[in-house]
Amino acid sequence: MALISFVVPAYRVQGYLRECLDSILGQPFDDLEVIGVDDASPDAVGDILDEYAARDPRVRVLRLPRNVGLGPARNAGLDRAVGEYVWFVDGDDWLAPDCLPEVADRLRGARPDVLVVDHVRAHWNDTATRSAMAEVFPEPPGEATFRLRDRPETLHLLHTAWNRVVRREFLVDLGLRFAPGWYEDVSFTYPVLLAAERIAVLDRVCVNYRQRRAGAITRTRGDRHFEVFAQWHRVFALMDRWGPAVAELRPAVFERMAWHHLTVLGNGERIAPALRPAFFAQMTADHRRFRPPEGYPAPDGLEGLKHRLVAAGRWRTFSALRAANQARATARGTARRALPVARRTARLTRDAVLREYYRAELRRPIDPTLAVYAAYWYRGYACNPAAIHAAARRLAPQVRGVWIVRRDRVDTLPPGTEYVVAGTPGYYRTLARARWLVNNVNFPDFVRKRPGSVHVQTHHGTPVKVMGLDQQRFPLGAGGMDFAGLLRRVDRWDYSITSNSFSTQMWDRAYPASYTTLEVGYPRNDRLVTATAEQVREIRDRLGIGPDERVVLYAPTHREHLPRYRPPFDPGRLLDVLGPSGRLLIRSHYFHDRAGRARRRTGGRAVDVSDHRCVEDLYLAADVLVTDYSSAMFDYAVLDRPIVVYAPDRDAYALARGVYFDVTAEPPGAVALTFAELLDLFRSGAVTGAEAQRARQRFRGRFCTLDDGHAAERVVRRIFLDDPA
């Protein structure tokens, strides 16, 4: 019997279901089962569930012959659950990474009837808002369990099924089922709390509650919102049946009903104006029907006035008050927007002036000695441009190199490096007059290709995931790309630097244009070839790594289609396997804007090195690399050290983002598809075994033959010294 049975009802959620399932199955926790309920969905939901069931024995699929709705679909899944606890997770929501071990610990330690977990609202525009957990429990309840009568404020947490984990036997004994219709959570979640003898709260965000732009019930107008009344009727019918055991909680539950009615009515996306009088009338009827004789804790102020108007049935006054409040809110919003608009106008005016300055500078002669460098959208001195710049200072000192950086990255430049800050007049002047423009990404759209100037695209990795025009076949991962604009930028390239034949082929199809390919190896990898043992020791010393420590570098890539996704990874468990001499370095992808993010919770032998300026230092310091679909594996393979491909979402990634080849089928070393497998690879020694070594040699033979320590020199001689050899 599993500890947790996840019941995942799914209807018209084909775009989200993989993320939901991956978030459950990819946790560093195995004591679970997933019951996917295809509620006769007309899209690919059933196929997705079958696919997951075929590759993971923890997944079972239930296909309903007709669409029954969310509540009955949950009931059908509950009937087939065998876990000690059941967790109803909607198919368009997803779990936070690494939350299940904490949930399991609390379940096993407290043995609650109900465990309530925290959540965030994940909006469709990639923003998130916190729940009311902190307001409801300013002091977290801790690990102790309680009854609802002892902590009635628990009723103020969002009344959904997915933010609580319920003991299955408790549910069965209670005989509680989800009712059909909309707002089915109401008649389930409140009775669950009322009947529970042991309630626990986990103050940790475990669920991402997706706020869909379209298709959600909360954004659908219609008379089905009147079904909220029937759900509350069921709550009070149960309270009447249970009698004195819950009588003292009736005022608190009534207050929640009144609040919920007002919330539904106040949402303009639910109740059309023509239906509001009838909805209000039903609110008044239920207020009079269920109001406790001793009263209830009505709120103060404006909210309290609303309650009194509902009780008195005064719709006209209520409606007039609502209109007046909306008018005031509109006036305040207009006032608040005035200043940002003024600031935005000033900024646009300034930008327009600077663009005119740029166009004027374009009419001046090109500086025949000026080369401008940039990397990662002006994030600092890094990657192939940095290696080319260093080689040019040595081999072509007549070339004046100037870096473009953001203001907050100036301090990352090596001493003595000439630079301009992005957005300043000097920035526009340098871009306009440079003879050479060297970047590992594209320069902004406003940059013009001048006759006589040379644009060098160095790229910043060997492509595993599809890129450029090939992304049109994977719109989920393309992120609204402007492909016509992309081609205009590509047409500025004179040279494309590649590290191997495979990259050359992929760039030719992804970025079709008339540039010249320099298949010379990656300049940034020269240092990996030429570093001495003494230099490696110095790097390890600076990082605080002892000579006898075995260092594992974990460097996953990002998921454009899942911006908040983090692969399941438990540093503590891996360090336990590595033993006392193990050290773990963890590095996030540069898209996460490392300098602006809080450091992840690491400590001791696990160190977050995401903001370390030079990734090549980390490669040289590490004894083993663990990665997924990142180009880091191609660079690290130059060192001929062990590599592990850890790809827990391999199939989902390939389908959503698209890949040029399967790194698990043609790997640079050992492969793990689950965290448990990753631990086993280190535990068994397979990471450094003969099979892994053979895979690494095949990989190096395909991708690393040009990385001989002289790639930057070859680029400089061709670009700056016009040496065709």
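All figures in this text were calculated on a predicted structure; none of them were measured in a lab. (Residues numbered from 1 in each chain as written. Predicted model: local features only at pLDDT ≥ 70, side-chain atom pairs only at ≥ 80, totals over all residues. Heavy atoms only, no water.)

(A) Seen up close, the overall build of the protein chain. Tallying secondary structure elements over the protein chain gives 27 helices and 22 strands in all. Evaluated residue by residue, the protein chain yields a buried proportion of 54% over its 725 residues. Long-range contacts, defined here as pairs at least 24 residues apart, represent 74% of the contacts in the protein chain between residues at least 6 apart. As displayed, the protein chain has an accessible area near 31200 Å², and 51% of this comes from carbon and sulfur atoms. Of the charged side chains in the protein chain, 105 are positive and 88 negative; the average position of the first set lies 7 Å away from that of the second. (Helix = DSSP H or I, 4+ residues; strand = E, 2+ residues; numbered from the N terminus. Buried < 20%, exposed > 50% of the residue type's maximum accessible area, 1.4 Å probe, protein only. Contact = heavy atoms within 4.5 Å. Areas by Shrake-Rupley, 256 points an atom, 1.4 Å probe, with all protein chains shown as cover. Lys, Arg positive; Asp, Glu negative; His and termini not counted. Charge placed at Lys NZ, Arg CZ, Asp CG, Glu CD.)

(B) Main features of the environment of Thr 424. Looking at the secondary structure, you find Thr 424 in the loop between β12 (419–421) and α15 (425–433). Look at Thr 424 and you get buried, because its relative accessible area is 16%.

(C) How the structure looks around unusual backbone geometry. In this model, Arg 111 sits at a positive phi of 50°, which is unusual for a non-glycine residue. Examined against the element boundaries, Arg 111 turns out to sit in the loop between α4 (100–110) and β6 (114–123). Of note, Tyr 378 is a non-glycine position whose phi angle comes to about 70°, a positive value. Among the secondary structure elements, Tyr 378 is positioned in the loop between β10 (367–374) and α14 (383–395). Under the relative-accessibility criterion, Tyr 378 is labelled buried at 10%.

(D) Spatial organisation of the sheet that holds strand β15 (residues 495–498). Across the sheet, 7 strands lie side by side as β12-β11-β10-β13-β14-β15-β16; this open sheet has parallel pairing. Since the sheet does not close on itself, it has two edges, and those belong to β12 and β16 (516–519), each with one partner. The average undirected angle you get between the axes of adjacent strands in this sheet is 25°. Direction of pairing for β15 relative to β16: parallel, over a ladder of 4 bridges. By the bridge assignment for β16, Ser 496 is matched with Thr 517. Contacts between α14 and the sheet are confined to β10, β11 (400–405) and β13 (434–439), with β10 contributing the most and set at about 145° to the helix. (Pairing = 2+ DSSP bridges. Axes fitted to C-alpha atoms, helices over the stretch in contact; angles between N-to-C directions.)

(E) Quick peek at the sheet that holds strand β22 (residues 670–672). An order of β19-β18-β17-β20-β21-β22 is seen for the 6 strands of this open sheet, with the pairing classed as parallel. Of all strands in the sheet, those bounded by a partner on one side alone are β19 (606–608) and β22. With strand direction ignored, the average angle separating the axes of adjacent strands in the sheet is 20°. Inspection of the sheet shows strand β18 (residues 582–586) paired to β19 by 3 bridges, in the parallel sense. Residue pairing across strands places Leu 584 opposite Ala 606, the latter belonging to β19. Taken strand by strand, helix α21 (residues 571–578) contacts β17 (550–554), β18 and β19, and its axis lies near 150° from that of β18.

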